[in-house]
Amino acid sequence: MTFRKIISAVIITAVFPLVAFSQKDKKGTVKDTREYVDLGLPSKTLWATCNIGASKPEEFGLYFAWGETKGYTSDASDEHQFIKENNKWWDCDCTVPVLLKYCISWSGIADYKKVLDPEDDAATVNWGRKWQMPSLEQIKELCDSTYTTTEWTTLNGVTGRKITSRKNDNWIFLPAANIIITAGSSGNYWSRTLYMGMDDDAVTLEFYKDKWFFDSHTPRYYGLSVRPVRTQKQKSGKKKINQKETEEDVFMMVPVEVPLPK
């Protein structure tokens, strides 16, 4: 057994079910060793064990504005403010600030883009092309009590929400990493989906001790954590599409509280 294989074996014996994988090119160079959990979800979505910028599940990691790929810590030494004036996609030199990308209404330059392009996806840019920020549908599936259970708990002294698969008992932990000023009391994570009907917001997964919402929304210039996802290859090689969902189903969304299992 080579030293590299020994290291991989150690990773796989972590305290919760996960998969550690490494991809090598023709020269044997490791391309990716990110860890993920298979929750047995219908979409075959695999959820990363850590946030971007974190090395442990309970760490908050880096904070990103939606559509920006450079992250910042919650440390004041970063001296970064998540405000419109600093945001990549806001032009604040106009009398009324306008959006420069991801706009479908009156807020700026309409391009009718509803999900992040790969070059604007913090997960893809920082972790590689097989990773993405989760979509609204992937977050909705994660919160579906048909597939998972959830509980507010503590991991290594950090509060957050543990999400466990009903199919295989595998689980992930999302620390309560809300916007920097309120971190610790609740969690708020970016999706890659624009919030329809309010271009200056994007869809988020938001949770508290006693409730959570799979389609909340937050101003795009705020700093939130990112938990990446990747998808197992379907047998047909094509992504399954929910034919029942139409654009109208998500056009004027309001935060939906998910009942917690007793």
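All of the points below concern the structure found in this document. (Residues numbered from 1 in each chain as written. Predicted model: local features only at pLDDT ≥ 70, side-chain atom pairs only at ≥ 80, totals over all residues. Heavy atoms only, no water.)

### Remarks on the overall build of the protein
Phase 1: Scanning the protein for helices and strands turns up 4 helices and 15 strands.
Phase 2: In the protein, which comprises 262 residues, the proportion classed as buried is 45%.
Phase 3: Contacts in the protein between residues far apart in sequence, at least 24 positions, make up 55% of those at least 6 positions apart.
Phase 4: Counting every atom, the protein has about 14000 Å² of accessible surface; 52% of that belongs to carbon and sulfur. (Helix = DSSP H or I, 4+ residues; strand = E, 2+ residues; numbered from the N terminus. Buried < 20%, exposed > 50% of the residue type's maximum accessible area, 1.4 Å probe, protein only. Contact = heavy atoms within 4.5 Å. Areas by Shrake-Rupley, 256 points an atom, 1.4 Å probe, with all protein chains shown as cover.)

### Notes on the side chain of Ser 165
Phase 1: As for its position among the elements, Ser 165 is in strand β9 (residues 158–165).
Phase 2: Among the residues examined, Ser 165 registers a relative accessible area of 2% and is labelled buried.
Phase 3: A polar contact is formed between the side chain of Ser 165 and the backbone oxygen of Leu 39, at a distance of 2.6 Å.
Phase 4: A polar contact of 3.0 Å, which involves the side chain of Ser 165, links it to the backbone nitrogen of Lys 167.
Phase 5: Leaving out residues up to four positions away in the same chain, Ser 165 has contacts with Leu 39, Gly 40, Tyr 147, Thr 148 and Asn 170. (Polar contact = N/O pair within 3.5 Å; in protein donor to acceptor, adjacent residues only side chain to side chain.)

### Description of the nonpolar core
Side chains of nonpolar character tend, in soluble globular proteins, to be buried together.
Phase 1: Counting residues in each nonpolar core, the largest one holds 24 residues, and the members touching the most others are Leu 39, Trp 47, Leu 142, Ile 172, Leu 174 and Leu 205.
Phase 2: Counting residues per element, the ones that place at least two in this core are α3 (136–142), β10 (171–175), β12 (201–207) and β13 (212–219).
Phase 3: Leaving out residues up to four positions away in the same chain, Trp 47 has contacts with Tyr 36, Val 37, Leu 39, Leu 41, Pro 134, Gln 138, Ile 139, Leu 142, Ile 172, Arg 227, Pro 228 and Val 229.
Phase 4: Listed in part, the 22 residues of the second largest apolar core include Ala 48, Trp 89, Trp 127 and Val 226. (Core = buried A, V, L, I, M, F, W, Y, C linked by side-chain atoms within 4.5 Å.)

### A short note on the sheet that holds β10
Phase 1: As summarised here, the arrangement of the 3 strands in space is β8-β9-β10, forming an open sheet in which the pairing is antiparallel. Every other strand in the sheet has two partners, leaving β8 (148–155) and β10 as the edge strands with one partner each. Strand-to-strand twist across the sheet, computed as the mean angle between neighbouring axes with direction ignored, equals 25 degrees.
Phase 2: The pairing of β8 with β9 spans 8 bridges and is classified as antiparallel. (Pairing = 2+ DSSP bridges. Axes fitted to C-alpha atoms, helices over the stretch in contact; angles between N-to-C directions.)

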